[in-house]
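# Inside the fold
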Amino acid sequence: MVILSSPSGAGKTTLVKLLSKNKNFNISISHTTRKPRPSEVPNKDYYFVDHNKFENLIKNEEFLEYAKVFNHLYGTTRTPVIEKLEKGENVIFDIDWQGADQIKNKKLNYKLITFFILPPSKEVLFKRLSNRDMKDKLIVDERMKEFSRDVLHWINYDYVIVNDNLDECYLKINNLIDAEINSGSKDYDKEYIRKHIEKLTS
Ligand code: 5GP
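Let me begin by describing the structure that accompanies this report. (Residues numbered from 1 in each chain as written. Predicted model: local features only at pLDDT ≥ 70, side-chain atom pairs only at ≥ 80, totals over all residues. Heavy atoms only, no water.)

## Focus on the sheet that holds strand E3 (residues 30-32)
Cut-off, in case you're wondering: Two strands are said to pair when DSSP picks up at least two bridges between them. In this description a helix means any DSSP run of H or I spanning at least four residues, a strand means any run of E spanning at least two, and both kinds are numbered starting from the N terminus. Working convention: axes come from line fits to C-alpha atoms, limited for helices to the stretch in contact. Angles between N-to-C directions cover 0 to 180 degrees.
Pairing within the open sheet is mixed, and its four strands lie in the order E4-E3-E6-E5. Since the sheet does not close on itself, it has two edges, and those belong to strand E4 (46-48) and strand E5 (63-69), each with one partner. For this sheet, the mean inter-axis angle between neighbouring strands, taken without regard to orientation, is 25 degrees.

Written out as C-alpha cells, the structure is:
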C-alpha cells in the first residue's frame, strides 16, 4: 500500500496517475459526497454518492477509512482494497492525512509506505490554486488557510517530498518505493525537509 497525501494544489493527482501506470499500482477509487468537476469521470475518479448513501456505508462499516475534507465526506471502502492486496497486487491511495492516520493505525498485514507531497513555496501553491478550476478567490484563500493547518501533519509520514518538478518528484518517490521493497539505500535528506517545512510555516 502506498499513500500519497498533500495539501491541495501540490500536484498529487498527477503523481498518483504516473505511479499507477509505471509501477503497476491499482488506484483506490474513493467515495465522496462532493459534486463531480467538469473533467471528472464518475466511477473512475470517484464514486459520487449522496449523503444518505455515504451514511449507509458508514453504518454498514464498509469503510477502511473516511473523513470530512473541505465540508465533504470522502472514504475508501474496504472490500476492493483488501481483495487486490490479497491477490498480491499493489494499491495506491490519494487520501488526506486523516485517512492516512486511520489506515496506519489499523496496522494491516500489508506493507505500507506513506508520502506527503509539498509545494516548493507558498507563492507557487497560491499560483497553482489560482490557476485551477477554482477561480473563486474565497476558495483559494480557504485552501491556503487549510494548507497551513495540513502541513503540520508532515511528521506522521514516512517521507515528505517537495514537488518542484514533477518528473524529479516522481523519480524520488519511485526510488524510495524500490528502496523500501528491496531494503536498498535511501536517497532522503531529512534536514532539507525540516528546513523546507520551517520555511512553509513561517
Ligand atoms: P478533491 O475534492 O480535490 O478531489 O480532494 C480533496 C481532498 O480529499 C484531497 O486531499 C484528497 O486526497 C482527499 N481525499 C480523496 N479521497 C479521499 C478518501 O477516500 N479519504 C480521505 N480521507 N481523503 C480523501
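## As for the site of the ligand
The following threshold applies: Whether a residue is near a molecule or strand is decided by its heavy atoms; if any one of them lies within 4 Å of it, the residue is near. Here a polar contact is taken to be a pair of N or O atoms separated by no more than 3.5 Å, where protein atoms must pair a possible hydrogen donor with a possible acceptor and residues adjacent in sequence count only if both atoms sit in side chains. In short, Shrake-Rupley with a 1.4 Å probe defines the accessible areas, and a residue's cover is counted only from the protein chains shown. Under the grouping applied here, Gly and all other residues not named as nonpolar or charged are polar, the nonpolar ones being Ala, Val, Leu, Ile, Met, Phe, Trp, Tyr, Cys and Pro and the charged ones Asp, Glu, Lys and Arg.
Lining the immediate environment of the ligand, one finds 16 residues, of which Ser-30, Arg-34, Tyr-46, Glu-65 and Tyr-74 sit closest. Between the ligand and Lys-12 there is a distance of 2.8 Å, counted from an oxygen atom to a side-chain nitrogen or oxygen. Separating an oxygen atom of the ligand from a side-chain N or O atom of Arg-34 is a distance of 2.6 Å. Protein contact buries 93% of the 510 Å² of open area that the ligand shows by itself. In terms of residue class, the shell around the ligand is made up of five nonpolar, five polar and six charged.

## A word on the packing of aromatic side chains
Heads up, the condition is: Aromatic rings from Phe, Tyr and Trp, with only the six-membered ring used for Trp, were paired whenever their centres fell within 6.5 Å, and each pair was classed as stacked if the ring planes differed by under 30 degrees, edge-to-face if by over 60, and tilted otherwise.
Within the structure shown, the criterion is met by eight aromatic pairs. Relative to Tyr-188, the ring of Tyr-159 has its centre 5.0 Å away and its plane inclined at 85 degrees; by these criteria the two rings are edge-to-face. Highlighted residues: Tyr-159 in strand E9 (residues 159-162) and Tyr-188 in the loop between helix H7 (166-182) and helix H8 (190-201), separated in sequence by 29 residues. One aromatic cluster in this structure is built from Tyr-46, Phe-48 and Tyr-74.

## Comments concerning the environment of Leu-4
Applicable threshold: Relative accessibility thresholds used throughout: buried, under 20% of the residue-type maximum; exposed, over 50%; partly exposed, between the two (1.4 Å probe, protein chains only). Contacts are residue-level and defined by heavy atoms, with any inter-residue pair within 4.5 Å sufficient.
Note on placement: Leu-4 falls in strand E1 (residues 2-5). Classification of Leu-4 by relative accessible area gives buried; the value is 0%. Here the alpha-carbon distance between Leu-4 and His-31, two residues 27 residues apart in the chain, equals 17 Å. Leave out the neighbours within four places in its chain, and Leu-4 touches Lys-12, Leu-15, Val-16, Leu-19, Ile-92, Phe-93, Asp-94, Ile-95, Phe-115 and Ile-117.

## Things to note about the packing of helix H5 (residues 122-131) against helix H6 (residues 137-150)
Going by this rule: Take the far helix as your reference; a near helix turned counterclockwise from it by less than a right angle gives a left-handed crossing, and one turned clockwise gives a right-handed crossing.
Running from N to C, H5 and H6 cross one another at 145 degrees; their axes reach a closest spacing of 10 Å. Here the hand of the crossing between H5 and H6 comes out right-handed. Of H6, the residues touching H5 (which contributes Lys-122, Leu-125, Phe-126, Leu-129 and Ser-130) are Val-140, Asp-141, Arg-143, Met-144 and Phe-147. In terms of residue class, the contact of H5 with H6 is built from six nonpolar, one polar and three charged.

## Let's talk about the pairing of E1
Taking every second residue as pointing to the same face, both faces of E1 are buried, with Val-2 and Leu-4 on one and Ile-3 and Ser-5 on the other. Sheet topology note: the E1/strand E7 (residues 90-94) ladder contains three bridges and is parallel. Note that in E7 the partner of Leu-4 across the bridge is Asp-94. In this sheet, strand E8 (residues 113-118) lies alongside E1 in parallel orientation, the contact comprising four bridges. Residue pairing across strands places Val-2 opposite Ile-113, the latter belonging to E8.

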